[in-house]
Amino acid sequence: MPQFDLYQVDAFTAAPFGGNPAAVVPLDAWLPDETLQRIAEENNLSETAYFVRKGDVHELRWFTPAVEVDLCGHATLASAYVLFEQLGAREEVLRFATRSGELRVSRAGDRLAMDFPAKRPEAMDIPPGLLRALGLPDARALYRTDDYLLVIDDESLIDGLKPDFAALAAFDTRGVAVTAPASSFDFVSRWFGPRVGVNEDPVTGSAHTSLAPYWAERLGKRALSAQQGGARKGQLQCEVLDNGRVVISGQAALYMRGTIHL
């Protein structure tokens, strides 16, 4: 009976029960895609990450309970944590080959720093029904990359959002991020993705490849502090670089180690 190690890691938090949980499954060789998807469905976390070492690079893939996705920040952070802290990786920089190109993760004090491609949000009109689906009376503006980025002015509305997920799933976008300026951070946000099988992702690292460039331009600063989530929250540091990249960093904590029996 094949067996595989499984780690559950809370990303973007210093201690368990915060941030965003991800499952990480190291592999010696790729399993069939159907098996990868079934494991992710069984884990029932927003993402399960798998990696296979090929030379000095790790091939990395991410699955929600419903689909494989092109980019996932918190599961990349969790994978790097497993390699550094659980499997004894000695590299200065971990290199991951992914659908979104090569991603690099390095230590940054007590955090792990991920070097991702930045995405420049483009302004668009707010489509009919979006505000109603989110339960919001109005918004400052809407932008688009992989996600909708809906900007509001009042951070106090963020925690109270109770979207109609069936209505949100009708919009042709990976997910919807609602974001606002904040008093204790540069900005706060929540991210909803019913279309990809994740009603709410507590902390979405990949969404910050769009959120950080927007707030960097609006606030006139490259280095930004951020918090994401509703009842469960996590914290991130973002730095927008001149080379079209954004560095997203955070802490991680091991919650559980187990074994998959197939």
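Procedures and definitions
Residues numbered from 1 in each chain as written. Predicted model: local features only at pLDDT ≥ 70, side-chain atom pairs only at ≥ 80, totals over all residues. Heavy atoms only, no water. Helix = DSSP H or I, 4+ residues; strand = E, 2+ residues; numbered from the N terminus. Rg over C-alpha atoms; globule rule 2.2 N^0.38 Å. Buried < 20%, exposed > 50% of the residue type's maximum accessible area, 1.4 Å probe, protein only. Contact = heavy atoms within 4.5 Å. Areas by Shrake-Rupley, 256 points an atom, 1.4 Å probe, with all protein chains shown as cover. Pairing = 2+ DSSP bridges. Salt bridge = Lys/Arg side-chain N within 4 Å of Asp/Glu carboxyl O. Phe/Tyr/Trp six-rings, centres within 6.5 Å; stacked < 30°, edge-to-face > 60°. Lys NZ or Arg CZ within 6 Å of the ring centre and 35° of its normal. Patch = residues over 30% accessible without salt bridge, like charges linked within 9 Å, V, L, I, M, F, W, Y side chains within 5 Å.

Caption draft 1: Expanded view of the overall build of the protein. Each helix and strand counted, the protein has six helices and 18 strands in total. Since a compact globule built from 262 residues should have a radius of gyration of about 18 Å, the 18 Å found for the protein is in line with a globular shape. Its C-alpha atoms give the protein principal-axis dimensions of about 55 × 35 × 30 Å. Here the protein holds 262 residues, and the buried ones make up 55% of them. A separation threshold of at least 6 residues defines the contact pool for the protein, and within that pool the share at least 24 residues apart is 61%. With the model as given, the accessible surface of the protein reaches about 11500 Å², and the carbon-plus-sulfur share is 46%.

Caption draft 2: Highlighting the pairing of strand β8 (residues 111–117). Extensive coverage of β8 is indicated by the burial of five of its seven residues. For strand β7 (residues 101–108) and β8, the ladder comprises five bridges, and the chain directions are antiparallel. From the neighbouring strand, A108 faces β8, where its bridge partner is R111. Hairpin remark: β7 followed by β8, antiparallel, with two residues in the connecting loop; positive phi at G109, about 65 degrees. Across six bridges, the pairing between β8 and strand β17 (residues 245–250) is antiparallel.

Caption draft 3: Main features of the pattern of salt bridges. Here the structure, examined in full by the defined rule, presents 21 salt bridges. Salt-bridge contacts for E85 lead to R107; the nearest nitrogen and oxygen are separated by 2.8 Å. Of the two residues, E85 is situated in helix α2 (residues 73–86) and R107 in strand β7; the sequence distance between them amounts to 22 residues. Through salt bridges with shared partners, a single ionic network connects D33, R61, E68, D70 and R99.

Caption draft 4: Examining the packing of aromatic side chains more closely. Throughout the structure, instances matching the rule amount to seven aromatic pairs. Plain terms: the ring middles of Y143 and Y214 are 5.0 Å apart, the flat faces sit at 50 degrees to each other, and that makes the pair tilted. With Y143 in strand β10 (residues 141–144) and Y214 in helix α6 (residues 208–219), this residue pair connects regions lying 71 residues apart in the sequence. We note that Y143, like Y214, is buried. Judged by centre distance (6.1 Å) and plane angle (55 degrees), the ring pair of F165 and F192 falls under tilted. You can see F165 sitting in helix α5 (residues 165–168) and its partner F192 sitting in strand β13 (residues 187–193), a full 27 residues away along the chain. Taken together, the ring pairs in this structure connect Y143, F187, Y214 and W215 into an aromatic cluster. If you follow R61 out to its NZ or CZ, it ends over the ring of W30, 5.1 Å from the centre. The ring centre of F84 lies 4.4 Å from the NZ or CZ of R107, which sits over that ring.

Caption draft 5: Structural context of a nonpolar patch on the surface. A grouping of F17, Y255 and M256 is seen on the molecular surface, where their side chains present a nonpolar patch of about 340 Å² in accessible area. When you line up the elements, M256 lands in strand β18 (residues 252–261). Take M256: its relative accessible area is 37%, and that puts it in the partly exposed class.

Caption draft 6: Up close: unusual backbone geometry. One non-glycine residue with positive phi stands out, namely F17, at about 80 degrees. Here F17 lies in the loop between β1 (3–11) and β2 (20–27). A residue is classified by how much of its surface remains accessible, and F17, at 63% relative accessible area, is exposed. Residue N44 is not a glycine yet carries a positive backbone phi of 60 degrees. Within the secondary structure, N44 sits in the loop between α1 (33–43) and β3 (48–54).

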